[in-house]
Amino acid sequence: GGGGGGGGGLGPPVPSSSVSTAPAALDARDGELPRVYSLNADSASAHNTERSGGPSLGAAPIALERQYINGANFDSASGAPPPQRLVVVANRLPVSAYKDRGGGWQFEVSAGGLVSALMGVHNFRATWIGWPGVYVEEGPDRDALTDALGREGYIPVYLDEKIVDLHYNGFCNSVLWALFHYVPLNIETKLSETRTLQFQWAAHQEANRKFAEAVFAIYQEGDVVWVQDYHLMLLPAMLKKQHPKMKVGWFLHTPFPSSEIYRTLPVREEVLRAVLKADLIGFHTYDYARHFVSAGTRILGLEGTPEGVEDNGSLTRVAAFPIGIDPERFAAALEEDSVRASIAQLLNKYQGRKVMLGVDRLDMIKGIPQKLLAFEKFLEENPAWRDKVLLVQIAVPSRTDVPEYQRLRSMVHEIVGRINGRYGTLTENPIHHLDRQLSFHELCALYAVTDVALVTSLRDGMNLVSYEYVACQSDNAGVLVLSEFAGAAQSLGAGAILVNPWNITDMAAAIEDALTMSEQERRERHRQNYMHITIHTSQTWADTFISELNDTHVEAELRTRHIPPLLDVEEVVHDYQTARRKLLVFGYNATLTTGVEAQQRQPKRQFEHLMSMARVNPQTYNSIKGLTDDPNTVVVIFSGSGKGQLEETFGHLKVWLAAENGIFMRPPPTLDDPRPEWVPLVDVKKKEWMEAVALVFDYFRERTPRSFVEAREASIVWNYKSADIEFGRLQARDLLQHLWTGPISNAPVDIVQGSKSVEVRPVGISKGVAMQSILAAMVEADGPPAIDFDFVLVVGHFLTRDENIFTYFEGMKVLEGKAGMAAALSVMGSSAVSLPALALPPSGPSLQRLMDAADIATLAGGGPSGGAGSG
C-alpha cells in the first residue's frame, strides 16, 4: 500500500473526473487490508492514516493536486528565485496507474494523508519517488508509463513481483510492522523459515538500493530528501554514502517500540546504523523518539543526548513531530446540504438514545474485542442504560485471506451476537455493527451526531479518527474516550478520557463517566481538543519538519567547520622527503592497531580477548621498522596499555616507547644497551592508594555486569564499554563519589574520565608532559641537535587524551627558514604560529599509505638523509 507516506489506498482504476475531493473516512491501513477507493464524487476511502503518515484526507483532482505537489503555484515571471526542491521518497507514489480503454496510462491521486499534508507546503517544489503499484515489463509500455509519470512530477521505482512480495509483504509487514506494534516475531520452528527471513532481508536491501538509485538520478545540490516510514530505513545510509552533504530526513509513521522489543530484530544493528545516517529523524510522539534514542544507546552503545544520538562527534537529531488533519475540510463538509440531511435523519432515527461510535480497521491492534467487552460490562452493571445507549461499530475488513484476521472477525461477530442477543429487543439492538467502510459524507454526519467516541487501540502510531471526531463536534461537544496506547493520547490527552484498553473494568467506568458528564465539562474538554487540532494541522506538520531539517543541516555544517580538514597525504609525503630531520609520534591502540569495540552479540568477550585482537598489522610493523632504519627519523609510540604489550611488539625496534599514557618511558635499544630499562616519569613506589582504589573498582565490577578492571603497574582502570550504557553511567557517577570521599581524598592522583571508563593515575601525568621528558632525554643523550626537527607528525585517535600532545607541538618554533609540518593535528612553521589543524581520513589505510610512502622514500634515498635499510 501507500506505506510510509506513499499515499492512501491505491487500487482499482477510477477515472480522474470521478475522484473525490473529500477527505477519506477511516483509519485503515493499506497493505494490511484490501484497498478501498473513492468510487464517485460522494464516496471516500477507508485508508491508512498511520502508514500513509497523515490524516484521512481524500483525493483531490489531479490538476489541483499537481499544482501544489509539484510547486506550480509560484510566479516564475516575478523573477523570484525558484523554491527549494523537496524530494519525497516513499514506498508508494501518491497516484495509482491504470490503463484506459484506449491503452493509454491514466492516474488516480491517492487519498493519502502525506499528499494532503504536503499540499500546504507552498515554498517547495516537490518531486515524488516511489513504486507505482503496478509491475510492467521493460519495453515501450514501461517507457510510456515513466514518461507519463514524469510529466506529473513522479519518478517511478520498478520492483519485480518477487522483490515486492519478499520486501513489502515479507520483511516490511511481517517483520518490521509487527515488531513496531509490539507483536512478537514468529517462532522459527523450521530451518526453511530462517532462510525465508534471509531472503526477505536480501530483498529489502535490494529494494532500498533501487530507491537510492532513483534518488541519485535526479538529485541536485541543495535538494531536501525526505524519506518516509519503515520500508526505507536503509535508504539514509545509502544516500549519505554517495552524497555526504545531502539533506536527508526520515519520518516514521508507526510506533517505535522500546529497546527491549526492538532488540529481538535479527538485523537490529544494521537497520539502526543505516537510519542514523539521516540528519533528522522524526516520530509522532516523544515516547517513540525516546525509545529510538534508547535503542541507539543500549544496542549500539552510542551517546544519547537531549537533541538525539551522537556517534563519534556526528549528531543525528531526533524529535517528535505530531501529525494532524485539515479541520477546515471537515467543517466545510458539515455545511453541505447532503450532510445536513444525513444528520437530521440520524438524529430522528436515534432519538432518545445516546450514540457511541467506534471506527476501526479490523485488526488485532485496534482493540475491537476489548471495546465490545467493556460495553457489555457497562450494560451488565447499568441496567437503566440498556435501552438508552447505542454503540455503532464500523469495522473495515482487512487482510481477509489471513487466518489470524479471519479468527478475529469471527470473534468480533460472536461477541456482538452475544451482546445483542442478551440485551437486545425485537425492535432495538444495543450494537449496530458494520463490516464495511462508509462514504465521507456518511461518516461526517455520524461523527456529528455521536455523543461518545471510543478509540481503544492496543497500539497505534497516531490514530486520526479521534482528530476527525473532534473536528466534527463543534455543535455537540461529544466526549472522546481514547486509549493511552494511541499516539493521539499525547496530543488530545488533556480533553479526552484516557483508558487502558486491557482493563475492561476501567473502560466500562469510562463509558459511564462519558455518558453522564456535564455539558460544561464536555464543552471545556472539547475546546482544548479542538484548539489542538486547529493548530497542529497536517500542513503545520510538513512545514515544521522540513524547516527543522534545513536548520539541522545548517547546524551540522557549523559543527563541521570546527572539525580539522582531512590530511593531504601527498603533501605530507613531499614534506617528509624534503625534510632534514623527522619526528614521528604515533598512538598505539586504534591508531597502529584496529580499534576493537565491545561486541554486543558476544557479551562474554572480556578485556583480554578484545586486546588480543588488537594487534599491529604486519605491513604497518614493517613500515615502522623501515622508518627507524633512517638515522634522521625518530619514532615515538604512546600507549595507554602497560609496558608488556609495547615491549612485546616493538621492544627490539629503535623506537621510543611510552606506556600507561606517559607514566613509563623507554629509550630505543643501542649496541651498548640492547635492552634498555623502563624509566618512570613519576614516583611510582608510593602506591598506597592503589589497593584502596582496586577494592572500590572491584566492588563496582561485581555489581556492573560485563564491566572489567585493568590493573597496570602505576594506574588502574574500570571499563564499562561492554555493560548496559545507561546503567554503566549511573554506576560511574556512584563510583566517582566513592573515590572522591574515600581512598583518594588526599592521595596525589588524578581521575581521568573516558567515554566509558574511569582511570586513576599519579598526579601530573599527561602525554604532553611525557613528550617533553622524552625530548629532554634525547638532548641528554645526543645533545641539542637531536631535537632539531623540521618535520613533526603526530597521530592519535582519542582527542581528549591526545589533545595535550598536539597542543605541546602546536605553534612551536622548530627550524628557522623552513616550514615544517606537524600533521594530524597541527602545522608548524618558522613563524611559530600554527596553521589550521589537520586530521587523517577516518580509515586505517590512509595512515598505512602515508607510512608506506614515507618508508619507500627513505629506503630509496629520496630524502636528504639518504638513509637506507631493509624491511
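Keep in mind it's a predicted model, so treat the numbers as computed, not measured.

Draft legend 1. Quick look at the sheet that holds strand E25 (residues 708-711). On the basis of which strands lie adjacent, the open sheet formed by four strands has the order E25-E26-E28-E27 and antiparallel pairing. At either margin of the open sheet sits one strand with a lone partner, and together these are E25 and strand E27 (749-753). Each strand of the sheet is rotated relative to its neighbour by a mean of 15 degrees, with strand direction disregarded. With respect to the sheet, helix H25 (residues 688-703) is in contact with E25, strand E26 (716-719), E27 and strand E28 (757-762), its orientation differing from that of E26 by roughly 10 degrees.

Draft legend 2. Representation of the pairing of strand E21 (residues 633-638). In terms of residue burial, E21 counts as a mostly covered element, since six of its six residues are buried. Covered by surrounding structure in E21 are Thr633, Val635 and Ile637 together with Val634, Val636 and Phe638, the residues of both alternating faces. Note that strand E20 (residues 582-587) and E21 share six bridges and pair parallel. In the sheet register, Leu583 faces E21, and the bridge partner there is Val634. Alignment of E21 against strand E22 (residues 656-659), held across three bridges, turns out to be parallel. Counterpart to Ile637 in the pairing with E22 is Leu657. For the crossover that starts at E21, traverses helix H24 (residues 643-650) and ends in the parallel E22, the hand is right-handed.

Draft legend 3. Quick look at the side chain of Asn550. Its location among the elements puts Asn550 in helix H20 (residues 538-561). Asn550 sits in the buried class, given a relative accessible area of 15%. Asn550 has contacts with Gln84, Phe124, Val224 and Lys247, leaving out every residue within four places of it along the chain.

Draft legend 4. View of the packing of aromatic side chains. All chains considered together, the criterion is met by 23 aromatic pairs. On the basis of an interplanar angle of 70 degrees and a centroid distance of 6.0 Å, the ring pair of Phe256 and Phe283 is categorised as edge-to-face. With Phe256 in the loop between strand E9 (247-251) and helix H8 (259-262) and Phe283 in strand E10 (residues 280-283), this pair connects stretches of sequence that are 27 residues apart. You'll find Phe256 and Phe283 in the same group, each marked buried. Centre to centre, the rings of Tyr588 and Phe650 are 6.0 Å apart; their planes meet at 85 degrees, and the pair counts as edge-to-face. Highlighted residues: Tyr588 in the loop between E20 and helix H22 (607-613) and Phe650 in helix H24, separated in sequence by 62 residues. Looking at Tyr588, the relative accessible area reads 1%, which means it is buried.

Draft legend 5. Summary view of helix H9 (residues 268-275). Counting buried positions along H9 yields six of eight residues, so the element is predominantly enclosed. Within the span of H9, buried status applies to Arg268, Glu269, Val271, Leu272, Ala274 and Val275.

Draft legend 6. Structural detail: the sheet that holds strand E7 (residues 154-156). If you walk across this open sheet you meet the nine strands as E7-E6-E3-E8-E9-E10-E13-E12-E11, and the pairing is mixed. This sheet does not close on itself; its edge strands, each paired only once, are E7 and strand E11 (303-304). Relative to strand E13 (residues 314-320), E10 runs parallel, the two sharing four bridges. Within E13, the position partnered with Phe283 by the bridge is Ala320. Here helix H7 (residues 235-242) sits on the sheet in contact with strand E3 (84-92), strand E8 (224-228) and E9, set at roughly 175 degrees to E9. Contacts from helix H10 (residues 286-300) reach E10, E11, strand E12 (308-311) and E13, with the element oriented near 155 degrees to E13.

Draft legend 7. Layout of the side chain of Ser639. As for its placement among the helices and strands, Ser639 is situated in the loop between E21 and H24. With a relative accessible area of 2%, Ser639 lands in the buried category. Beyond its immediate chain neighbours, meaning those up to four positions away, Ser639 contacts Tyr588, Asn589, Leu646, Ala658, Ala659, Glu660 and Asn661.

Draft legend 8. Broad picture of the pattern of salt bridges. Applying the stated criterion across every chain yields a total of 33 salt bridges. Linking Arg525 and Glu521 is a salt bridge whose minimum nitrogen-to-oxygen distance equals 3.1 Å. Taken together, the residues Arg525 and Glu521, both in helix H19 (residues 519-535) and four residues apart, mark about one turn of the helix. Linked by salt bridges that have partners in common, Glu206, Arg209 and Lys210 make up one network.

Draft legend 9. Examining the state of the cysteines more closely. Applying the stated criterion across every chain yields a total of zero disulfides. Between Cys444, a free cysteine, and Cys472, which holds the nearest cysteine sulfur, the sulfur-to-sulfur gap is 4.4 Å. Judged by relative accessible area, which is 4%, Cys472 ranks as buried.

Draft legend 10. Quick look at unusual backbone geometry. For Ala477, which is not a glycine, the phi torsion comes out positive at approximately 55 degrees. A positive phi angle, close to 60 degrees, is found at Asn661, a residue other than glycine. Note on placement: Asn661 falls in the loop between E22 and strand E23 (664-666). According to the relative accessible area criterion, Asn661 is buried, its value standing at 3%.

Draft legend 11. Quick peek at the packing of helix H13 (residues 368-381) against helix H18 (residues 504-516). In the contact formed by H13 and H18, the axes pass within 8 Å of each other and the chain directions differ by 65 degrees. For the element pair H13 / H18, the angle class is roughly perpendicular. As H13 runs across H18, the sense of the crossing is right-handed. Here Gln370, Lys371, Leu373, Ala374, Phe375, Lys377 and Phe378 of H13 lie close against H18, whose contacting residues are Ile504, Thr505, Met507, Ala508, Ile511, Glu512 and Leu515. Residues belonging to the contact of H13 with H18 are distributed by class as follows: nine nonpolar, two polar and three charged.

Draft legend 12. Local environment of the environment of Phe806. With respect to the helices and strands, Phe806 occurs in helix H28 (residues 799-809). Taking the C-alpha atoms as reference points, Phe806 and Val794, 12 residues apart in sequence, are found 7.1 Å from one another.

How each quantity is defined
Counting restarts for each chain, with residues numbered from 1 along the sequence as it is written. Predicted model: local features are reported for residues with pLDDT of at least 70 only, side-chain atom pairs are reported and counted for 80 or more only, and whole-chain, interface and lining totals are derived from all residues. With hydrogens and water set aside, each side-chain value is computed from the structure's full complement of heavy atoms. By the convention used here, strands pair only if DSSP detects at least 2 bridges between them. Helix and strand labels come from DSSP, where a helix needs a run of H or I of at least four residues and a strand needs a run of E of at least two; each type is numbered from the N terminus. Each axis is a line fitted through C-alpha atoms, and for a helix only the stretch in contact is used; angles between axes span 0 to 180 degrees, taken between their N-to-C directions. Working rule for contacts: check all heavy atoms of both residues, and any pair within 4.5 Å makes them a contact. Exposure classes here rest on a 1.4 Å probe applied to the protein chains alone. A residue is buried below 20% of its type maximum, exposed above 50%, and partly exposed in between. Crossovers are described as right-handed under a simple rule: with the strands pointing away from the observer, the path leading from the first strand over the helix to the second runs clockwise. Working definition: a ring pair exists when centres of Phe, Tyr or Trp rings (six-membered ring for Trp) sit within 6.5 Å. Plane angles under 30 degrees give stacked, over 60 give edge-to-face, the rest tilted. Basic side-chain nitrogens of Lys or Arg form a salt bridge, by our definition, when they fall within 4 Å of a carboxyl oxygen of Asp or Glu. Put simply, a disulfide is two cysteine sulfurs that come within 2.5 Å. Orientation labels follow simple angle bins: below 35 degrees gives roughly parallel, above 145 gives roughly antiparallel, 65 to 115 gives roughly perpendicular, and whatever is left gives oblique. Note on convention: the crossing is left-handed when the near helix lies turned anticlockwise from the far helix by less than a right angle, right-handed when the turn is clockwise. When residue character is reported, Ala, Val, Leu, Ile, Met, Phe, Trp, Tyr, Cys and Pro are called nonpolar, Asp, Glu, Lys and Arg charged, and the others, Gly included, polar.

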